[in-house]
Amino acid sequence: MRRAVAIGCGHYLPERVVPNSHFEGFLDTSEEWIEARTGIERRHFAAEGETTSMMGEAAARRALESAGVDAASVDAIIVATSTPDLTFPSVATMIQARLGMTGGFAFDVQAVCAGFVFALSNANALVISGQADRILVVGAETFSRLMDWKDRATCVLFGDGAGAVLLEAAEGGGTTRDRGVLATDLNSDGRHRDILYVDGGVSSSRTTGHLRMEGKEVFRHAVEKLAETAHAALAKVNLDGGDVDWIVPHQANLRIIKATAKRMDVPMERVIVTVRDHGNTSAASVPLALSAGVEDGSIKRGDLLVTEAIGGGLAWGSVVLRW
Ligand code: ACO
């Protein structure tokens, strides 16, 4: 059975680290409130002129290096982002050109914070259907450029960064012992579009706009839907929380991460947590957490991982993969 196996990963964080105390200077907030309500202690913000494609390229290069693979042998690049450099062309084609690739295909996926899970699931489909043998899947975002700096309920939550995973086709035995993507579960429900959106866009206002969120409502949906989708993906291959070595969750809020782990009966010792240092980096959050977990030695070859994420749309989903 053809499987899409992760053979490398990497991440990039901008140099500038912004601690919670930064916001006390211009907002009615406190370091303590931000940390207690979200688990976030600091985040990275892109430098002036530093764009999503630049960060995505850096993460992609590190993923290629970690796999010992040349960019020319990659068949496709999928980038999950809601903060592209330009309205078009895609960030994926920009990264393709910078990596010196003259063949293959590249495109962006937009499912906000769930973007990487959607991209990974689509990349898996392309690999198992035989349309590509090697795919770079990148999550890259500059959410700092979407913030309303007067809105304390949103601007303290987000950060910038990028992560990437390189998938390669391999023959598996068709069991859950195989390395690679084992199951995916994708969902969206556009009826909830008003609880998390950006109030600008090309065909409406011709502006970029600012992120708007009804935090409490999103929180409620997140706690319910993240455990549900993770269970659904695991159930497709007759697994459950007890089989999971690591949950690699979307890093939006430590309270959501803990509530999801509890619903899945997975102890926090088996959850990768980077929200303290990265904040919510939207589509970059899962590959950043994955790469950080591999780098610090937590995630080892053969471990069973489940990723889950939810974002604007609402869009949510999960992927089960053996590393
Ligand atoms: N500092 C101080 N007080 C604040 C701040 C702040 N930065 N932000 C909000 N408050 C206040 C509110 O104004 C409110 O005050 P009030 O009671 O006087 O009205 C009080 O704190 C409580 O506000 P809540 O919104 O109820 O706070 P809550 O505990 O729900 O935390 C938060 C807010 C952190 C936004 C939380 O709801 C959350 O994490 N929501 C989910 C976000 C998420 O998961 N997003 C994922 C997808 S993101 C994407 O797709 C782009």
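If you're wondering where the values come from, they're calculated on a predicted model, not measured in any experiment.

1. What to know about the layout of surface pockets
Thinking step 1. Taken as a whole, the second largest pocket holds about 170 Å³ of empty space.
Thinking step 2. Along its surface, the second largest pocket is lined by Ala6, Ile7, Gly8, Cys9, Gly10, Ser66, Arg179, Ser291, Val294, Glu295, Arg301 and Trp323.
Thinking step 3. Mapped by element, the contributors of at least two residues to the lining of the second largest pocket are β1 (2–12) and α10 (285–295).
Thinking step 4. Among the elements that take part in the lining of the second largest pocket, β1 stands out by supplying five residues, more than any other.
Thinking step 5. Here the residues of the lining of the second largest pocket are counted per class, giving five nonpolar, four polar and three charged.
Thinking step 6. Each of two domains, domain 1 (2–171) and domain 2 (180–322), supplies a minimum of three residues to the lining of the second largest pocket.

2. Description of the domain arrangement of the protein chain
Thinking step 1. Segmenting the protein chain into domains produces domain 1 (2–171) and domain 2 (180–322).
Thinking step 2. In this assembly, 50 residues from domain 1 lie in contact with 49 residues from domain 2.
Thinking step 3. Roughly 3,800 Å² of surface becomes buried between domain 1 and domain 2 when both sides are summed, with 66% attributable to carbon and sulfur atoms.
Thinking step 4. Of all residues in domain 1, the largest losses of buried area upon contact with domain 2 belong to Cys113, Val117 and Leu146, amounting jointly to 16% of the total for that side.
Thinking step 5. The tally of links from domain 1 across to domain 2 stands at two salt bridges.

3. Some words on the site of the ligand
Thinking step 1. Taken together, 27 residues are adjacent to the ligand, and Thr29, Arg37, Cys113, Lys216 and Asn253 come closest.
Thinking step 2. Within the contact set of the ligand, an oxygen atom lies 2.5 Å away from a side-chain nitrogen or oxygen of Lys216.
Thinking step 3. Measuring from an oxygen atom of the ligand, one finds a side-chain N or O atom of Asn253 at 2.7 Å.
Thinking step 4. Where the shell around the ligand is concerned, the elements lending two or more residues are α2 (31–38), α6 (152–155), α7 (215–236), α8 (254–263) and β12 (304–311).
Thinking step 5. Ranked by the residues each element gives to the shell around the ligand, the list is headed by α7, at four residues.
Thinking step 6. Tallied by class, the residues present in the shell around the ligand amount to 15 nonpolar, seven polar and five charged.
Thinking step 7. Each of domain 1 (2–171) and domain 2 (180–322) accounts for three or more of the residues forming the shell around the ligand.

4. As for the sheet that holds strand β4 (residues 76–80)
Either a parallel or an antiparallel arrangement is found when strands of a sheet pair, and the pairing is made through backbone hydrogen bonds.
Thinking step 1. Across the sheet, which stays open at both edges, the five strands sit in the order β1-β7-β6-β4-β5 with mixed pairing between neighbours. Of all strands in the sheet, those with a lone pairing partner are β1 and β5 (105–109), marking the two edges. Between one strand axis and the next, the sheet turns through 20 degrees on average, direction left out of account.
Thinking step 2. One ladder, built from nine bridges, connects strand β6 (residues 134–142) with strand β7 (residues 160–171); its direction is antiparallel.

5. Some details on the packing of aromatic side chains
Thinking step 1. Summed over all chains, the structure comprises four aromatic pairs.
Thinking step 2. Ring geometry for Phe45 versus Trp149: centroids 5.6 Å apart, planes at 65 degrees, classification edge-to-face. Remark: Trp149 occurs in the loop between β6 and α6 and Phe45 occurs in strand β3 (residues 42–45); sequence separation between them is 104 residues.
Thinking step 3. Classification of Trp149 as partly exposed rests on a relative accessible area of 32%.
Thinking step 4. Relative to Phe107, the ring of Phe105 has its centre 6.3 Å away and its plane inclined at 5 degrees; by these criteria the two rings are stacked.
Thinking step 5. Judged by its relative accessible area of 32%, Phe105 falls in the partly exposed class.
Thinking step 6. Taking relative accessible area as the criterion, Phe107 reaches 29% and is therefore assigned partly exposed.
Thinking step 7. It is Lys225 that lies over the ring of Trp316; its NZ or CZ is 5.1 Å from the centre.

Analysis parameters
- Residues numbered from 1 in each chain as written.
- Predicted model: local features only at pLDDT ≥ 70, side-chain atom pairs only at ≥ 80, totals over all residues.
- Heavy atoms only, no water.
- 1 Å grid on protein atoms, 1.4 Å probe; cavity = no way out; pocket = protein on both sides within 12 Å on 5 of 7 lines; lining within 4 Å.
- Points joined across faces, edges and corners; volume = space filled by probe spheres on them.
- Helix = DSSP H or I, 4+ residues; strand = E, 2+ residues; numbered from the N terminus.
- Nonpolar A, V, L, I, M, F, W, Y, C, P; charged D, E, K, R; others polar.
- Domains from an automatic or database assignment.
- Contact = heavy atoms within 4.5 Å.
- Buried area = accessible area lost by both parts, 1.4 Å probe.
- Salt bridge = Lys/Arg side-chain N within 4 Å of Asp/Glu carboxyl O.
- Near = heavy atom within 4 Å.
- Polar contact = N/O pair within 3.5 Å; in protein donor to acceptor, adjacent residues only side chain to side chain.
- Pairing = 2+ DSSP bridges.
- Axes fitted to C-alpha atoms, helices over the stretch in contact; angles between N-to-C directions.
- Phe/Tyr/Trp six-rings, centres within 6.5 Å; stacked < 30°, edge-to-face > 60°.
- Buried < 20%, exposed > 50% of the residue type's maximum accessible area, 1.4 Å probe, protein only.
- Lys NZ or Arg CZ within 6 Å of the ring centre and 35° of its normal.

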